[in-house]
Amino acid sequence: QVQLVESGGGLVQPGGSLRLSCAASGFTFSHYVMTWYRQAPGKERELVAGIIAGGGGRTNYADSVKGRFTISRDNAKNTLYLQMNSLKLEDTAVYYCAAGLSWYLVNYWGQGTQVTVSS
């Protein structure tokens, strides 16, 4: 069955870094647009970053994370990454990995990993 398993979340101080990973199985990973979403308490889930299917590497970022976050994928390892630098208090959220057949279509969701930025 399809699985998206996130890891790498945790507690970090403002200005710190974290690297999230998402291990995918049960579908042809390279054929899917992969995205990271996040949801903070009391807020709607929002798109953080996305990367195109295949090996082209085209990416898309929310304005709030541009220049601080980098999304990447390793199709040989069926794994998606999110490198998060210069973390801010407002980056605190549950981060979800997602797979879809187009930029704004999500076919599969992961279970989420908590990222807490606090001093």
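Preceding this section is the structure that the text describes.
Throughout what follows, the structure given in this document is the object of discussion. (Residues numbered from 1 in each chain as written. Predicted model: local features only at pLDDT ≥ 70, side-chain atom pairs only at ≥ 80, totals over all residues. Heavy atoms only, no water.)

## Examining unusual backbone geometry
As a reminder, the rule being used: Secondary structure elements are defined from DSSP: runs of H or I of at least 4 residues count as helices, runs of E of at least 2 residues count as strands, and each element is numbered from the N terminus. Buried means the residue's accessible area, taken with a 1.4 Å probe over protein chains only, is under 20% of the maximum for its type, while exposed means over 50%, and partly exposed covers the values in between.
The residue Asn78 is not glycine, and still its phi comes out positive at about 55°. Examined against the element boundaries, Asn78 turns out to sit in the loop between strand E7 (69-74) and strand E8 (79-84). Phi is positive for Ser86, which is not a glycine, with a value near 50°. By the secondary structure assignment, Ser86 is in the loop between E8 and strand E9 (93-100). For Ser86, a relative accessible area of 41% gives the class partly exposed.

## Here's the deal with the environment of Leu80
Residue position: Leu80 is located in strand E8. A relative accessible area of 0% places Leu80 in the buried class. It is 9.0 Å that separates the C-alpha atoms of Leu80 and Glu6, two residues lying 74 residues apart in sequence.

## Topic: the environment of Ser64
As for its position among the elements, Ser64 is in the loop between strand E6 (59-61) and E7. Taking the relative accessible area as the measure of exposure, Ser64 reaches 38% and is therefore partly exposed. As for Ser64 and Ser86, which are separated by 22 residues in sequence, their C-alpha atoms are 12 Å apart.

## A look at the nonpolar core
Rules: By nonpolar core is meant a set of buried Ala, Val, Leu, Ile, Met, Phe, Trp, Tyr and Cys residues that side-chain atoms within 4.5 Å join together. Residues count as neighbours in contact if any of their non-hydrogen atoms are within 4.5 Å of one another.
Of all hydrophobic cores here, the largest spans 30 residues; its most connected members are Met34, Trp36, Leu80, Leu82, Met84 and Tyr95. Going through the elements one at a time, strand E3 (18-25), strand E4 (33-39), strand E5 (46-51), E7, E8, E9 and strand E11 (113-117) are the ones with two or more residues in this core. Apart from residues no more than four positions distant in its own chain, Tyr95 is found in contact with Glu6, Leu20, Trp36, Tyr37, Arg38, Val48, Phe69, Leu82, Met84, Gly112, Thr113 and Val115.

## As for the sheet that holds E3
Condition: When DSSP locates at least two bridges between a pair of strands, those strands are taken to pair. Structural elements are reduced to axes, namely lines fitted to C-alpha atoms, with helices fitted over the stretch in contact, and the angle between N-to-C directions of any two is expressed from 0 to 180 degrees.
Read from one edge of the open sheet, 4 strands run E1-E3-E8-E7, paired in antiparallel fashion. At either end of the open sheet lies a strand with only one pairing partner, and these are strand E1 (3-7) and E7. In this sheet, adjacent strand axes meet at a mean angle of 15° when their direction is disregarded. Note: E1 against E3, 5 bridges, orientation antiparallel. Paired with Gln3 across the two strands is Ser25, which belongs to E3.

From the geometry alone we can't say anything about function, so treat these as descriptive.
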